[in-house]
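Fold and geometry: a report
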Amino acid sequence: MRILYFFLLLSFGGSALAQLNSPSVFVENGKYGLVNEKGKVLIPAKYDEIGWSDDRFSVIDQVTGYRVDEKWGLLSIKNKEITKPNFDQLYVEKSQFLASSSSAGLASKKWGTLSARGKTVIPFVYDHVMLLDNSAIVTKKNGNNYFSGVVALDHSVLIPILFTSIDPLGEQFSACND
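Please read all numbers here as calculations on a predicted model, not as lab measurements.

**Examining the overall build of the protein**
On a plain count of helices and strands, the protein comes out with two helices and 16 strands. For the protein, the proportion of its 178 residues judged to be buried stands at 39%. Approximately 10,200 Å² of the protein is accessible, and the part contributed by carbon and sulfur atoms is 51%.

**Regarding the environment of Pro168**
With respect to the element layout, Pro168 can be found in strand 15 (residues 165-169). Sequence spacing of Pro168 and Met130 is 38 residues, and the spatial spacing of their C-alpha atoms is 9.9 Å. Look past the residues within four positions of Pro168 in its chain and what remains in contact with it is Met130, Leu132, Ile137 and Phe173.

**Some points on the confidence of the model for the protein**
Per-residue confidence for the protein gives a mean pLDDT of 83, with 84% of residues at or over 70. Between residues 1-20, whose pLDDT stays under 50, and residues either more than four places distant or in other chains, the model counts 24 contacts.

**Comments concerning the pairing of strand 10 (residues 120-126)**
With three bridges connecting them, strand 9 (residues 110-114) and strand 10 associate as antiparallel partners. Note on strand 10: the bridge partner recorded for Thr113 is Ile122. The hairpin turn running from strand 9 into strand 10, its antiparallel successor, is five residues long, and Gly118 in that turn takes a positive phi close to 85°.

Analysis parameters
- Residues numbered from 1 in each chain as written.
- Predicted model: local features only at pLDDT ≥ 70, side-chain atom pairs only at ≥ 80, totals over all residues.
- Heavy atoms only, no water.
- Helix = DSSP H or I, 4+ residues; strand = E, 2+ residues; numbered from the N terminus.
- Buried < 20%, exposed > 50% of the residue type's maximum accessible area, 1.4 Å probe, protein only.
- Areas by Shrake-Rupley, 256 points an atom, 1.4 Å probe, with all protein chains shown as cover.
- Contact = heavy atoms within 4.5 Å.
- pLDDT = per-residue confidence, 0-100.
- Pairing = 2+ DSSP bridges.

Here you go:
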């Protein structure tokens, strides 16, 4: 177990020294859990995966991701499931939780963001979300075309969803229609 723990410590992000003060993933009987720097089990090994759907592991605001079957949810390092595993993908971008969800009857996944408490911040109505520091470029399909706009992280509209292309330029945006 100690060899496996040390290997996982090295595998999930940099040197062992940098990880000593944060939880680490461990595997037992093919299931994943978390231990603290002293080896105390924080989350028992009962999940198919701990971390994010992009194969990285991190803890943000005492929260990480977990997978059961093929779905992802948010989990506190105090072993409390914050959300049910309802998301097709879940990962961290710009210290926000970006997730995708497929609903019955929808042909494609819809993207949105979650807070560390599991509350929807940017609703799951977009075909693509690109998080920036204080805003997000959001894209929706209308017929056969995609249109983009910009929303603040509280979901207030900064630039309406009317443009075929929006690119970030530092604190500014470049928007155009073809």
